Amino acid sequence: MSFHYPPDLARYLADHWSRKTPLPPLSRLTELISYCYQASLLTEELQKVTFRAVLVEPDDSQLPPPWGHLCLRFDQSRPLEPGVLAKLSAVVEFSRSLVGLRLGEQGFEIWGLVNSGSRWSASQYSRRLPAQPPTESLVLSVTAPGCLSLYAGSHLIANLNNGRIQGPGPEVLSSRWLEQVFLSVRHELEALHASACKAEPPVEIDPKITRTLSQTTLRRALDHLRESGHGGSLLIVPADQALLFSASNPYLNLNYRFSDSEPRRIFRGLLTRVMRRLGQLFPEASRVEWEDYRGCQDGELNELDEAFENFSRSLAGMMAMDGAVLMTQRLEVLAFGTEIAGNLPAVHEVEVALDIEAASTQTEGTAGVGTRHRSVYRLCAQLPWLLALVQSQDGRIRMVKQHNAKVTYWDQFGVGSGLNDT
C-alpha cells in the first residue's frame with residue numbers, strides 16, 4: 001500500500017476545486033499544505049496541535065459574530081511557519097476562530113485572526129443558522145497529527161488521514177439499512193407529534209428533519225470528542241431493550257447508570273418540540289419540508305439548536321471517560337463508563353464494508369486493532385441488533401454491526417465533519 005502526503009493532497013485539491021476564487025499555483029499550494037501538515041506533527045506545551053486556517057484577505061467591514069466574521073489584523077504580518085501555527089493553535093479555539101493567511105510577495109504570511117463564532121461550524125450541522133463565512137475561501141483544518149481536511153468555506157473538498165486521501169463521498173448515515181434500524185423510532189415521533197398537535201389533521205413533518213437532527217447530533221458529539229483528543233465508544237440498543245440493559249446483564253457492567261426519568265429522555269423531547277414549533281410556524285401547510293426548516297429563522301428554533309449542541313457536548317464528555325456510553329435508538333442515554341464483559345468469545349476476523357450498504361466487503365483480521373475495537377467486535381458478535389460507534393484518538397470512526405450474520409464495520413462514516421446538502 002502506498003501513502004499520500006501534502007503534494008498528493010495539493011494535486012487532489014487543484015483537480016477538485018470548482019469555486020470562483022482561484023487557488024494559488026500548485027507549487028505554492030503544496031507549500032501551504034506542507035506547513036500545516038508539519039505543524040500537525042508538533043505539540044504545544046505537551047498538547048496536540050489542532051487549528052483551522054483560512055486563506056483570505058482581511059475585511060474590516062465585516063460584522064462580528066454571530067452575524068458575520070471578525071478579522072483581527074496584526075500590526076505586522078509574519079511569515080508562515082509550522083512553529084508559529086503551533087503556538088497560535090492555543091489561541092484559536094477550533095470551533096470559533098481561525099488563523100488568517102494570505103499569499104504575499106515573499107510567500108505565505110499570517111496577517112491575523114478570524115473570529116468566526118460558533119455559528120460557522122454549527123451551520124455545517126443544522127444548515128439553518130445564518131452564518132457568513134468567506135464561503136469561497138480555502139479553509140485548512142488540522143485535527144490530529146498528519147490529519148488535514150480542506151474546505152471551500154464549510155464544504156469539504158478532501159481529507160488526508162492515515163496516509164489516505166478521501167473526498168466527501170456517500171456516508172453510512174445515508175444508508176438504507178441504517179434508516180431501517182431507526183424506522184420504529186421515527187414512527188414513534190410521528191405518533192407523539194400527532195397526539196400533541198391541536199390542529200386537525202396535524203401538519204406532517206418531513207422525516208428528513210428529525211433524521212438529520214439525530215445524525216448531526218451524533219456527529220457533533222464525535223467531533224467534540226475528537227477535538228478533545230480522546231477516543232470513545234457508543235453502544236446503541238433498540239428502545240425495547242432499555243430495561244434489560246439498564247439492569248445487571250452478562251454483557252455489560254454499567255458503572256454510571258442514570259435513573260429512569262424524563263431528563264434521560266431529553267433528546268426525544270427536543271425533537272418533538274421542533275416538530276410542534278414547525279407545525280405552529282406553518283399552520284396552513286399539509287407538510288413541512290426540509291427546505292422549509294432550513295430557511296426558517298425563528299427564535300425558538302434557534303434556542304433548540306443550542307439545546308442540541310449542549311446535548312452533543314454532554315455526550316462527548318461522557319464518551320471521553322474510560323468505558324462506553326450506552327444509549328437507545330431514541331438517543332436516550334442509559335449509562336456511561338460502561339465496561340464490556342471480557343469473557344465474551346474472541347472475534348478473530350471482521351468484514352470491512354466497501355460501500356455504504358455493505359454490498360461488497362472484504363475480510364480483515366483483528367490483531368492490528370486496540371482493545372476498544374476488539375471488545376466492541378466481541379459484543380456485536382453476541383448481539384445482532386447492536387449498533388456501535390468507535391472513535392480512535394486520531395479521530396478515525398468505525399460504525400460496527402452484524403451484517404449477513406458477520407461482524408462488519410464501515411470506515412466511511414469518518415469522512416467529513418458535516419452532512420452533505422443532498
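Structure shown above.
Residues numbered from 1 in each chain as written. Predicted model: local features only at pLDDT ≥ 70, side-chain atom pairs only at ≥ 80, totals over all residues. Heavy atoms only, no water.

A.B. asks: Even after reading the chapter, I still don't get the nonpolar core, so can you show me in this structure?
C.D. replies: Here is a general trend for soluble globular proteins: nonpolar side chains tend to be buried in one another's company. With 46 residues, the main nonpolar core has Ile209, Leu234, Val274, Leu315 and Met399 as its most contacted residues. Tallying contributions element by element places helix α11 (residues 299-320) first for this core, with eight residues. The next biggest cluster of nonpolar side chains, apart from the first, holds 34 residues, and it includes Leu80, Ala86, Val142 and Leu160. (Core = buried A, V, L, I, M, F, W, Y, C linked by side-chain atoms within 4.5 Å. Buried < 20%, exposed > 50% of the residue type's maximum accessible area, 1.4 Å probe, protein only. Helix = DSSP H or I, 4+ residues; strand = E, 2+ residues; numbered from the N terminus.)

A.B. asks: Any chance you could explain the pairing of strand β9 (residues 155-161) here in plain terms?
C.D. replies: A regular strand carries its side chains on alternate faces of the sheet. Counting buried positions along β9 gives six out of seven residues, so the element sits mostly inside the fold. Judged from the five bridges that link them, strand β8 (residues 147-152) and β9 form a sheet pairing that is antiparallel. Within the sheet, the bridge partner assigned to Leu150 lies in β9 and is Ala158. Pairing geometry for β9 and strand β10 (residues 164-166), over three bridges, is antiparallel. Each bridged residue has a counterpart across the sheet, and for Asn159 the counterpart in β10 is Gln166. Count of turn residues in the β9/β10 antiparallel hairpin: two residues, of which Asn162 carries a positive phi of about 55°. (Pairing = 2+ DSSP bridges.)

A.B. asks: What is the right way to look at the packing of aromatic side chains in this model?
C.D. replies: Two aromatic rings, taken as a pair, are described by how far apart their centres are and by the angle between their planes. The final tally for this structure, using the stated rule, is nine aromatic pairs. Above the ring of Phe74, the side-chain terminus of Arg78 is found at 5.0 Å from the ring centroid. The ring of Tyr409 has Arg398 lying over it, and the distance from NZ or CZ to the ring centre is 3.9 Å. (Phe/Tyr/Trp six-rings, centres within 6.5 Å; stacked < 30°, edge-to-face > 60°. Lys NZ or Arg CZ within 6 Å of the ring centre and 35° of its normal.)

A.B. asks: Whenever I open this one, the packing of helix α7 (residues 207-227) against helix α9 (residues 266-281) confuses me. Can you help?
C.D. replies: Helix packing for two helices is described by the angle between their axes and how far apart those axes are. In the contact formed by α7 and α9, the axes pass within 11 Å of each other and the chain directions differ by 145°. Helix-helix and strand crossings are classified by hand; for α7 and α9 the assignment is right-handed. Within the contact between the two elements, α7 uses Ile209, Thr210, Leu213, Ser214 and Thr217 and α9 uses Phe267, Leu271, Val274, Met275 and Leu278. For the contact of α7 with α9, the residue count by class is seven nonpolar, three polar and no charged. (Axes fitted to C-alpha atoms, helices over the stretch in contact; angles between N-to-C directions. Left-handed = near helix turned anticlockwise from the far one by under 90°. Contact = heavy atoms within 4.5 Å. Nonpolar A, V, L, I, M, F, W, Y, C, P; charged D, E, K, R; others polar.)

A.B. asks: Help me understand the sheet that holds strand β20 (residues 397-403) in this model?
C.D. replies: What links the strands of a sheet is backbone hydrogen bonding, and the strands pair in either a parallel or an antiparallel sense. Spatial strand order, β13-β16-β15-β12-β19-β20-β21-β17-β18: nine strands in an open sheet with mixed pairing. The open sheet has two edge strands, β13 (252-257) and β18 (361-365), and neither has a second partner. Mean inter-strand twist for the sheet, computed between neighbouring axes without regard to direction, equals 30°. In this structure, strand β17 (residues 349-353) lies alongside strand β21 (residues 406-410), joined through two bridges in parallel fashion. From the neighbouring strand, Val352 faces β21, where its bridge partner is Tyr409. Here helix α12 (residues 371-382) sits on the sheet in contact with β12 (232-237), β13, β16 (333-340), β17, β19 (387-391), β20 and β21, set at roughly 25° to β20.

A.B. asks: Would you mind showing me how to read the environment of Lys406 here?
C.D. replies: In this fold, Lys406 is placed in strand β21. On the accessibility criterion, Lys406 (48% relative accessible area) is partly exposed. In the structure, Lys406 is positioned 22 residues away from Pro384 in sequence and 8.9 Å away in space, judged by C-alpha atoms. Those residues in contact with Lys406, other than ones at most four positions away along the chain, are Glu351 and Lys401.

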